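Structural description and commentary
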Amino acid sequence: FVQIAHDAEWVQQSLASNVSAFMATESGNFPSDANHRFVWNGDEDVEKAMRGEAGNHEWTKRCMYNNFEISHRSVWDNPIYTRLFEFLDRAGGGSTSRWPSPQPLTDVVSI
């Protein structure tokens, strides 16, 4: 089961900019064939995201509902995911930005 939906900016006000900032700190750790175009609008926006300069304007707002949560534990134990969750926690995470659904975060992680 896979369904693609578009989120509203007000729902995820700071997620895109925080993920972009994380991408800038981890740019050397992404696979060369990672599909960043699912999350960012085009090649220029992918480049902005990799520099930590992207935000909601560059974000496609796509959410992929695919039951990715049903996965092998090793996916979530991967050091880059641990660093992403720690980064988002330091940035305020869901408790201050009120990201009501983990789905956009799950999409960023699954790509």
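The structure under discussion appears in the preceding block.
Residues numbered from 1 in each chain as written. Predicted model: local features only at pLDDT ≥ 70, side-chain atom pairs only at ≥ 80, totals over all residues. Heavy atoms only, no water.

Another aspect to go through is the overall build of the chain. A count of helices and strands for the chain gives six helices and two strands. For the chain, long-range pairs separated by at least 24 residues make up 71% of all intrachain contacts whose partners lie at least 6 apart in sequence. Surface summary for the chain: the accessible area is close to 6,500 Å², and the carbon and sulfur share equals 50%. (Helix = DSSP H or I, 4+ residues; strand = E, 2+ residues; numbered from the N terminus. Contact = heavy atoms within 4.5 Å. Areas by Shrake-Rupley, 256 points an atom, 1.4 Å probe, with all protein chains shown as cover.)

Packing of helix H1 (residues 15–25) against helix H2 (residues 43–50) brings their axes to within 7 Å, and their N-to-C directions diverge by 70°. Between H1 and H2, the crossing angle belongs to the class labelled roughly perpendicular. Side by side, H1 and H2 meet where Ser20, Met23 and Ala24 of the first sit next to Lys48, Ala49 and Met50 of the second. Looking at the contact of H1 with H2, its residues break down into four nonpolar, one polar and one charged. (Axes fitted to C-alpha atoms, helices over the stretch in contact; angles between N-to-C directions. Parallel < 35°, antiparallel > 145°, perpendicular 65-115°, else oblique. Nonpolar A, V, L, I, M, F, W, Y, C, P; charged D, E, K, R; others polar.)

Turning our eyes to something else, we now look at the packing of aromatic side chains. One pass over the full model with this rule turns up one aromatic pair. Directly above the ring of Phe38 sits Arg62, whose terminal nitrogen or CZ lies 5.7 Å from the centroid. (Phe/Tyr/Trp six-rings, centres within 6.5 Å; stacked < 30°, edge-to-face > 60°. Lys NZ or Arg CZ within 6 Å of the ring centre and 35° of its normal.)

Attention shifts here to the environment of Leu84. When you line up the elements, Leu84 lands in helix H4 (residues 79–90). Given the relative accessible area of 4%, Leu84 is considered buried. (Buried < 20%, exposed > 50% of the residue type's maximum accessible area, 1.4 Å probe, protein only.)

Along the chain, the position of Gly92 falls in the loop between H4 and helix H5 (93–97). Residues Gly92 and Leu15, spaced 77 residues apart in sequence, show a C-alpha to C-alpha distance of 9.9 Å.

We now examine the pattern of salt bridges. Considering all chains together, one arrives at four salt bridges under this definition. Residues Arg83 and Glu26 are paired through a salt bridge, measuring 2.7 Å at the closest nitrogen-oxygen approach. Placement of the pair is Arg83 in helix H4 and Glu26 in the loop between H1 and H2, with a sequence separation of 57 residues. On the basis of relative accessibility, which here comes to 31%, the residue Arg83 falls in the partly exposed class. Residue Lys48 pairs with Glu58 through a salt bridge whose shortest N-O separation is 2.7 Å. With Lys48 in helix H2 and Glu58 in the loop between H2 and strand S2 (62–65), the pair connects residues that are 10 residues apart, well separated along the chain. (Salt bridge = Lys/Arg side-chain N within 4 Å of Asp/Glu carboxyl O.)

With 18 residues, the main nonpolar core has Val19, Phe22, Met23, Val39, Trp40, Ala49 and Trp59 as its most contacted residues. Taken together, the elements giving at least two residues each to this core come down to H1, H2 and H4. With residues up to four places along the chain from it excluded, the contact list for Ala49 reads Ser20, Met23, Ala24, Trp40 and Ala54. (Core = buried A, V, L, I, M, F, W, Y, C linked by side-chain atoms within 4.5 Å.)

Right, let's talk about H2 for a bit. Within H2, burial applies to Asp45, Val46 and Ala49. The buried residues of H2 occupy an angular sector of 105° when projected down its axis, which confines them to one face. Within H2, the exposed residues directed more than 90 degrees away from the buried face are Asp43 and Glu44. Buried residues along H2 sit in contact with H1. Of the residues one or two after H2, Gly52 is the one with positive phi, at around 85°. (Arc of directions from axis to C-beta.)

Read these as spatial facts, not as claims about activity.
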